[in-house]
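Residue-level structure breakdown
Next come the chains, spelled out residue by residue.
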There are 2 protein chains.
Amino acid sequence: MTRETPLPDLGSIEAAAARLAGAAVETPLLESGDLNAQTGGRVFIKPEMLQRTGSFKFRGAFNKISQIPAGHKGGVVAFSSGNHAQGVAAAAQARGLPAVIVMPADAPAIKIANTRGYGAEVILYDRYREDRERVAGRLVEERGAVLVRPYDDADVIAGQGTIGREIARQAEAKGVRPEIVLAPCGGGGMIGGCAVALAALVPGVKVYAVEPAGFDDTARSLAAHRRLGNAPGATTICDALMAAMPGQLTFAINERLLAGGFAVSDDEVRAAMAYAFRVLKLVIEPGGAVALAAVLAGKLHLRGRTAAIVCSGGNVDPATFCTAIAPPVGES
Amino acid sequence: MTRETPLPDLGSIEAAAARLAGAAVETPLLESGDLNAQTGGRVFIKPEMLQRTGSFKFRGAFNKISQIPAGHKGGVVAFSSGNHAQGVAAAAQARGLPAVIVMPADAPAIKIANTRGYGAEVILYDRYREDRERVAGRLVEERGAVLVRPYDDADVIAGQGTIGREIARQAEAKGVRPEIVLAPCGGGGMIGGCAVALAALVPGVKVYAVEPAGFDDTARSLAAHRRLGNAPGATTICDALMAAMPGQLTFAINERLLAGGFAVSDDEVRAAMAYAFRVLKLVIEPGGAVALAAVLAGKLHLRGRTAAIVCSGGNVDPATFCTAIAPPVGES
């Protein structure tokens with residue numbers, strides 16, 4: 001992975017799409033009259049919570065894992081706060097391979113339960129005291145397993161990039177051409193893959209990363225033209241987007257292809273989750289809602305423009321969801 | 001409406017589909033690996049909460065209202081517990097016609113607010129002491145308005161029937177043929193329209209009505225071969241499905257075309273809403289969840305079968321939704 005890994009291109013995304021056909025869901029491209037009216041533009045929604053495992057992560061995991069020989073005894077290992085865990089577990093299960101997932105002990109209960117539900121062995125670690133890469137590395141060595149990184153892997157990026165390919169093709173089928181695409185950004189694999197596909201299929205489109213405030217390492221790194229980490233101690237309800245800094249491979253792509261980034265607050269995220277409940281009728285988890293939050297909070301002008309936003313997942317505990325859609329009395 | 005109204009046929013549904021093109025959402029046909037695994041069959045979901053106004057009702061309302069001359073000053077009048085209200089209000093707004101909606105004072109707040117949000121005038125009545133048809137009839141007379149009935153109207157039935165047409169065409173595009181279709185049933189307009197389309201496009205398909213326990217007038221009427229009302233005093237959380245007895249027109253269709261009916265309890269409905277939250281990532285209101293509830297509760301055997309279920313709406317108050325997905329501590 002470290003040296004001379006070729007960056008994914010449209011060809012590797014097309015190959016990923018061929019592998020994913022029949023295994024992943026081709027999520028629809030939705031449009032909401034209310035969202036159009038609010039923005040003054042046309043805003044399409046790519047609802048990846050409808051993807052297998054409830055988030056886009058199945059795409060990258062399956063693209064990687066489906067290239068492992070079926071009889072591989074060591075199986076796969078991954079570390080993840082949750083959605084990548086479920087994606088890897090389900091992809092391994094689909095291919096008949098054992099999977100061990102290293103997850104933080106404070107990950108949402110629904111994500112841990114679902115990962116186990118896909119047949120994976122879950123090993124919990126302390127997010128603040130242990131190094132998940134070291135825990136996973138030990139497992140790779142002991143078991144002879146293949147490590148499936150959450151974002152800094154060309155096959156994973158290409159798999160996530162099938163979202164961008166679908167947006168381009170589905171928009172074309174509707175007779176529209178997106179000028180702007182916004183997507184959530186953690187380590188940057190999904191938006192990087194999308195940017196590769198979109199740059200090739202919709203030349204001139206502007207692709208923006210959206211991150212939680214305090215975890216806007218990609219936006220700041222893009223501005224600084226070098227990889228910057230986040231200040232320690234920041235918190236966010238977006239458990240899926242807490243990567244410490246941009247990936248090496250993902251930043252090489254994103255520096256070249258992204259138009260910039262936006263950061264959104266927890267309150268803006270909760271408002272977007274409530275909007276999705278009330279108007280879109282979709283269940284969105286905090287990290288999955290940041291691009292929608294950026295649009296609803298007016299971070300960029302969409303009047304007269306055609307845009308697409310990725311809502312990347314819906315794996316959220318009922319309590320977190322209900323706090324967003326029905327704030328306790330006395331709070332707004 | 002009363003005498004010799006021709007029953008809707010595939011031609012009137014095709015005409016409705018042409019009117020709805022570009023105005024209504026062609027909702028996708030979704031499939032869930034988890035639901036397939038649970039049932040042992042293939043179960044497709046028609047998610048009408050993604051329809052304009054958050055329920056299928058826009059289809060029938062728009063098909064009716066788009067045939068009213070644009071300059072018609074009296075506008076339209078409707079009575080509805082909520083979803084038809086929103087459908088009529090939005091359809092009238094789209095056509096530039098004034099709308100007055102007669103709604104029960106205890107309808108979900110979100111439905112009343114949304115109806116006003118679509119520009120309609122809302123008149124509240126007491127569900128237990130006033131006759132909504134009489135209130136609406138007076139308005140029709142005073143204002144010279146066109147009454148848009150919630151189900152017992154050939155144009156409304158044909159509009160709702162476009163759901164069945166889409167199921168048939170979308171299934172065909174996926175290379176599958178539904179053997180069984182289940183849909184929620186209140187007055188019977190939606191399932192009647194669907195049955196007309198499906199009988200023509202997928203000969204041999206069995207179409208079942210699903211109703212809340214205590215409001216299973218259609219199932220009992222089908223068994224008795226005559227229209228029966230519900231016993232007074234019954235309650236249900238399915239506010240959208242509280243019709244007192246089958247419609248005249250709808251029962252004439254449904255008696256001929258439906259294979260039967262199922263009834264589901266409030267607990268089965270809440271379990272289906274929670275499942276949709278947790279697995280499907282869709283917001284379903286109680287009345288919209290009855291067909292899914294019937295499948296999850298094992299009311300019919302789907303092992304090895306291909307089925308489609310209509311999830312008809314998602315207009316639910318946060319409190320009701322949260323009680324279903326996160327029961328208060330101490331309850332199951």
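Residues numbered from 1 in each chain as written. Chains lettered and ligands numbered in written order. Predicted model: local features only at pLDDT ≥ 70, side-chain atom pairs only at ≥ 80, totals over all residues. Heavy atoms only, no water.

What follows concerns the overall build of chain A. The helix and strand tally for chain A stands at 13 helices and 10 strands. Relative to a compact globule of 332 residues, whose C-alpha radius of gyration would be 20 Å, chain A shows 18 Å and is just as compact. Overall size of chain A, expressed as C-alpha extent along the three principal axes, is 55 × 50 × 40 Å. Out of the 332 residues belonging to chain A, those deemed buried represent 59%. Measuring between centres, the 34 positive side-chain charges of chain A sit 3 Å from its 32 negative side-chain charges. (Helix = DSSP H or I, 4+ residues; strand = E, 2+ residues; numbered from the N terminus. Rg over C-alpha atoms; globule rule 2.2 N^0.38 Å. Buried < 20%, exposed > 50% of the residue type's maximum accessible area, 1.4 Å probe, protein only. Lys, Arg positive; Asp, Glu negative; His and termini not counted. Charge placed at Lys NZ, Arg CZ, Asp CG, Glu CD.)

This next bit is on the side chain of Ser80(A). All names here are of chain A. Structurally, Ser80 is set in the loop between β3 (76-79) and α4 (83-95). With relative accessibility at 4%, the residue Ser80 sits in the buried group. In this structure the side chain of Ser80 is engaged in a polar contact, spanning 2.8 Å, whose partner is the backbone nitrogen of Gly82. Looking at Ser80, its side chain comes within polar contact range of the main-chain nitrogen of Ala85, at 2.9 Å. Setting aside chain neighbours within four positions, we find Ser80 in contact with Ala85, Val102, Met103, Pro104 and Arg132. (Polar contact = N/O pair within 3.5 Å; in protein donor to acceptor, adjacent residues only side chain to side chain. Contact = heavy atoms within 4.5 Å.)

Residues and elements named next belong to chain A. Here the structure, examined in full by the defined rule, presents 30 salt bridges over all chains. One salt bridge connects Asp106 with Arg127, and the closest N-O pair in it is separated by 3.0 Å. With a gap of 21 residues between them, Asp106 in the loop between β4 (99-104) and α5 (109-117) and Arg127 in the loop between β5 (121-125) and α6 (132-143) connect regions that are remote in the sequence. Since its relative accessible area comes to 23%, Arg127 is described here as partly exposed. (Salt bridge = Lys/Arg side-chain N within 4 Å of Asp/Glu carboxyl O.)

The subject of this paragraph is the sheet that holds β3(A). Two pairing modes exist for strands in a sheet, parallel and antiparallel, and in both the strands are linked by backbone hydrogen bonds. All names here are of chain A. Strand order in the open sheet made by the 4 strands is β5-β4-β3-β6, with parallel pairing throughout. A single partner strand is all that each edge strand has here, and the edge strands are β5 and β6 (146-147). This element, α4, spans β3 and β4 of the sheet and lies at about 170° to β4. (Pairing = 2+ DSSP bridges. Axes fitted to C-alpha atoms, helices over the stretch in contact; angles between N-to-C directions.)

What follows covers the packing of aromatic side chains. All names here are of chain A. Overall, the coordinates contain 9 aromatic pairs over all chains when judged by the stated rule. Seen in terms of ring centroids, Tyr208 and Phe262 are 5.1 Å apart; in terms of plane orientation they differ by 40°. Their pairing is tilted. Remark: Phe262 occurs in strand β9 (residues 260-264) and Tyr208 occurs in strand β8 (residues 206-212); sequence separation between them is 54 residues. Residues Tyr208 and Phe262 agree in their burial class; the two are buried. For the pair Phe277 and Phe321, a centre-to-centre distance of 6.2 Å together with 80° between the ring planes defines the contact as edge-to-face. One end of the pair, Phe277, is in helix α11 (residues 266-280); the other, Phe321, is in helix α13 (residues 318-325), and 44 residues separate them in sequence. Of the residues examined, Phe277 reaches a relative accessible area of 2% and is grouped as buried. Given a relative accessible area of 0%, Phe321 falls into the buried group. (Phe/Tyr/Trp six-rings, centres within 6.5 Å; stacked < 30°, edge-to-face > 60°.)

Under the defined criterion, the tally for this structure stands at 1 disulfide over all chains. Here Cys322(A) pairs with Cys322(B) through a disulfide, and the sulfurs are 2.3 Å apart. Because the sign of the S-S torsion sets the handedness, a value of about -110° for the bond joining Cys322(A) and Cys322(B) places this disulfide among the left-handed ones. Note that Cys322(A) is positioned in helix α13 and Cys322(B) in helix α13 (residues 318-325), a pairing that runs across two chains. Judged on exposure class, the residue Cys322(A) and its partner Cys322(B) are both buried. Here Cys311(B) stays free of any disulfide, with the sulfur of Cys238(B) as its closest cysteine sulfur at 12 Å. Given the relative accessible area of 0%, Cys311(B) is considered buried. (Disulfide = S-S within 2.5 Å.)

This paragraph deals with the packing of helix α1 (residues 10-20) of chain B against helix α3 (residues 57-65) of chain B. Residue and element names in this part refer to chain B. With their axes 9 Å apart at the nearest point, α1 and α3 run at an angle of 95° to one another. Considering the angle they form, α1 stands roughly perpendicular to α3. Between α1, through Ala16, Arg19 and Leu20, and α3, the contact on the second element is made entirely by Phe58, Arg59, Phe62 and Asn63. Along the lines of polarity and charge, the residues of the contact of α1 with α3 split into 4 nonpolar, 1 polar and 2 charged. (Parallel < 35°, antiparallel > 145°, perpendicular 65-115°, else oblique. Nonpolar A, V, L, I, M, F, W, Y, C, P; charged D, E, K, R; others polar.)

Tracing the chain through its elements places Glu48(B) in the loop between β2 (42-47) and α3. Leaving out residues up to four positions away in the same chain, Glu48(B) has contacts with Thr27(B), Gly54(B), Ser55(B), Phe56(B), Arg59(B), Ile163(B), Val310(B), Cys311(B) and Ser312(B).

Here we come to helix α11 (residues 266-280) of chain B. For α11(B), spanning 15 residues, the distance from its first C-alpha to its last is 20 Å, which sits close to the expected 21 Å at 1.5 Å a residue. Of all the positions in α11(B), only Val269(B), Ala272(B), Met273(B), Ala274(B), Tyr275(B), Ala276(B), Phe277(B) and Leu280(B) are classed as buried. Where α11(B) is buried, its residues meet α13 of chain A together with α2 (33-39), β2, β9 (260-264), α12 (290-296) and α13 of chain B. Residue Lys281(B) follows α11(B) closely and has a positive phi angle near 65°. (Expected span 1.5 Å × (residues − 1).)

Think of it as a corkscrew move, a rotation about one axis and a shift along it, taking one chain copy to the other. Laying chain A over chain B is done by rotating through 180° and shifting 0.0 Å along the axis; what remains is an RMSD of 0.0 Å. The two molecules are tied by a two-fold rotation axis, judged by turn and shift. Identified as the residue of chain A closest to the rotation axis by C-alpha distance is Leu282(A), at 2.5 Å. (Least-squares fit on C-alpha atoms with pLDDT ≥ 70 in both.)

Further remarks concern the interface of chain A and chain B. Between chain A and chain B, the residue contacts involve 21 residues of the former and 21 residues of the latter. When the buried surface of chain A facing chain B is broken down by residue, Phe277(A), Lys281(A) and Val283(A) rank first, second and third, together holding 36% of it. Taken together, the links from chain A to chain B amount to 0 salt bridges. Here chain A is connected to chain B by 6 residue pairs in polar contact (both at pLDDT 80 or more). Sorting the residues of the side of chain A that touches chain B by element identifies α11 and α13 of chain A as the ones contributing at least two each. Ranked by residue count, the leading element in the side of chain A that touches chain B is α13(A), at 4 residues. Looking at the side of chain A that touches chain B residue by residue, the class counts come to 15 nonpolar, 3 polar and 3 charged. (Buried area = accessible area lost by both parts, 1.4 Å probe.)

A separate point is the confidence of the model for chain A. Within chain A, residue pLDDT values average 94, and 97% of them lie at 70 or more. Listed scores for the predicted complex are pTM 0.95 and ipTM 0.94. (pLDDT = per-residue confidence, 0-100.)

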